[in-house]
Amino acid sequence: MGILEVKNVGKRFGGLQALNDVNLSVAENTCHAIIGPNGAGKSTLLNVFVGKLIPDTGSVMFDGQSVLGRKPFEINQMGISRVFQTPEIFSDLTVMENMMIPVFAKRDGAFRMHAIEGMMSEKDIVEKAEAMLEDMGLADKRGMQASSMSRGDKRRLEIAMCLSQEPRLLLLDEPTAGMARADTNNTIDLLKQIKEERDITIAIIEHDMHVVFSLADRITVLAQGTPLVEDHPENIKGHPKVREAYLGE
Ligand code: ADP
Ligand code: MG
């Protein structure tokens, strides 16, 4: 049994069947990529995982518990954390201030914006945030305003913020979309490091095949709301169905 078990999930938007009988099993401590052409239903599926959308049919189990009907923050507390397509960081704050927010929220269960100054004097928060920046290769940028970082480093900070919640499943929706090659490689290296060093499962939606083949242990190809193939990366590359649906050949 996988840490995430998706069975017969269907989701309709008006006349459009965005997801149709989706079955998917994500094994613990692996990186599972979901790929497919635009409009295939990848983001819709991810929104189901995090409680932003409730499917019409089917079940989604995380570590043996249903996520359906739970609110996004409850699912987050179950151990699922999501990285958004555009980095969700506070541009006006420094890297360190950004990093302290989820550390503080993890300890106190909530975060109040006016607490930033007080937070700076709380030793355990500062130490945890510093350790995370160190781990994630951001220690030398701690005093920098978040808005002035490169796209790769913004993504790095956002992923670090997610990880400080100690999720068991990290979900990423096209984390390198719109990035230049150097920033993409920076993000690939970070995700490789996370895979090696942490007890974590990663599910990634990705358009960039270079990213997918650098990271994925297993790949599901989604087309028109239905999984076409699920296999190891080496079997996906030359798969005729995949070439047809995904590469348009
Ligand atoms: P992908 O992420 O694979 O590109 P999406 O999951 O975003 O695809 O979308 C799948 C299909 O569902 C698309 O045709 C999209 O236009 C449609 N869709 C997605 N979200 C909504 C929504 N909230 N309302 C109506 N249609 C939607
Ligand atoms: Mg999408």
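Residues numbered from 1 in each chain as written. Chains lettered and ligands numbered in written order. Predicted model: local features only at pLDDT ≥ 70, side-chain atom pairs only at ≥ 80, totals over all residues. Heavy atoms only, no water.

### Looking at the site of ligand 1
Around ligand 1, a shell composed of Phe13, Leu16, Ala18, Pro37, Asn38, Gly39, Ala40, Gly41, Lys42, Ser43 and Thr44 is seen. In this structure, alanine 40 approaches ligand 1 through a main-chain N or O atom, which is 3.1 Å from an oxygen atom. Its free accessible area being 560 Å², ligand 1 has 58% of it covered by the protein chains. Counting only elements with at least two residues in the shell around ligand 1, the list comes to strand 2 (16-26) and helix 1 (42-49). Considering each element in turn, the shell around ligand 1 owes the most residues, 3 residues, to helix 1. When its residues are assigned to classes, the shell around ligand 1 shows 5 nonpolar, 5 polar and 1 charged. (Near = heavy atom within 4 Å. Polar contact = N/O pair within 3.5 Å; in protein donor to acceptor, adjacent residues only side chain to side chain. Areas by Shrake-Rupley, 256 points an atom, 1.4 Å probe, with all protein chains shown as cover. Helix = DSSP H or I, 4+ residues; strand = E, 2+ residues; numbered from the N terminus. Nonpolar A, V, L, I, M, F, W, Y, C, P; charged D, E, K, R; others polar.)

### Observations regarding the domain arrangement of the protein
Often, the extent of an interface is quoted as the loss of accessible area on bringing the components together. Segmenting the protein into domains produces domain 1 (1-79 + 167-249) and domain 2 (89-166). Summarising the inter-unit geometry, the C-alpha centres of domain 1 and domain 2 are found 27 Å apart. Counting residues at the interface gives 19 residues for domain 1 and 14 residues for domain 2. Both faces combined, the contact of domain 1 with domain 2 buries some 1400 Å², and carbon together with sulfur accounts for 54% of it. (Domains from an automatic or database assignment. Contact = heavy atoms within 4.5 Å. Buried area = accessible area lost by both parts, 1.4 Å probe.)

### Looking at unusual backbone geometry
The backbone phi angle of aspartate 21 is positive, close to 55°, even though this residue is not glycine. Of note in the backbone geometry, asparagine 29 takes a positive phi value of approximately 60° without being a glycine. Mapped onto the fold, asparagine 29 is located in the loop between strand 2 and strand 3 (31-35).

### Regarding the pattern of salt bridges
For the coordinates displayed, the defined rule picks out 12 salt bridges. The salt bridge partner of lysine 7 is glutamate 5, with a shortest N-O separation of 3.4 Å. The class for lysine 7 is partly exposed, based on a relative accessible area of 39%. Judged by its relative accessible area of 9%, glutamate 5 falls in the buried class. (Salt bridge = Lys/Arg side-chain N within 4 Å of Asp/Glu carboxyl O. Buried < 20%, exposed > 50% of the residue type's maximum accessible area, 1.4 Å probe, protein only.)

### Focus: the sheet that holds strand 4 (residues 57-62)
One open sheet holds the 4 strands; their spatial order is 2-1-4-5, and the pairing between them is antiparallel. Taken across any chain shown, the strands that pair with only one partner, and hence form the sheet edges, are strand 2 and strand 5 (65-66). As defined by bridge partners, strand 1 (residues 4-13) adjoins strand 4 across 5 bridges and the pair is classed as antiparallel. Each residue of the ladder has a partner; that of glutamate 5, found in strand 4, is methionine 61. Sheet strands touched by helix 1: strand 1, strand 2 and strand 4. Its angle to strand 2, the strand with the most contacts, is close to 60°. (Pairing = 2+ DSSP bridges. Axes fitted to C-alpha atoms, helices over the stretch in contact; angles between N-to-C directions.)

### Overview of the packing of aromatic side chains
For the structure shown, the criterion picks out 0 aromatic pairs. The side chain of lysine 237 reaches across the aromatic face of phenylalanine 213, ending 4.7 Å from its centre. (Phe/Tyr/Trp six-rings, centres within 6.5 Å; stacked < 30°, edge-to-face > 60°. Lys NZ or Arg CZ within 6 Å of the ring centre and 35° of its normal.)

### As for helix 3 (residues 95-108)
With 14 residues, helix 3 extends 21 Å from end C-alpha to end C-alpha; this agrees with the ideal 20 Å at 1.5 Å per step. For helix 3, the buried fraction is high: 10 of the 14 residues fall into the buried class. Among all positions in helix 3, only Val95, Met96, Glu97, Asn98, Met99, Met100, Ile101, Pro102, Val103 and Phe104 are buried. (Expected span 1.5 Å × (residues − 1).)

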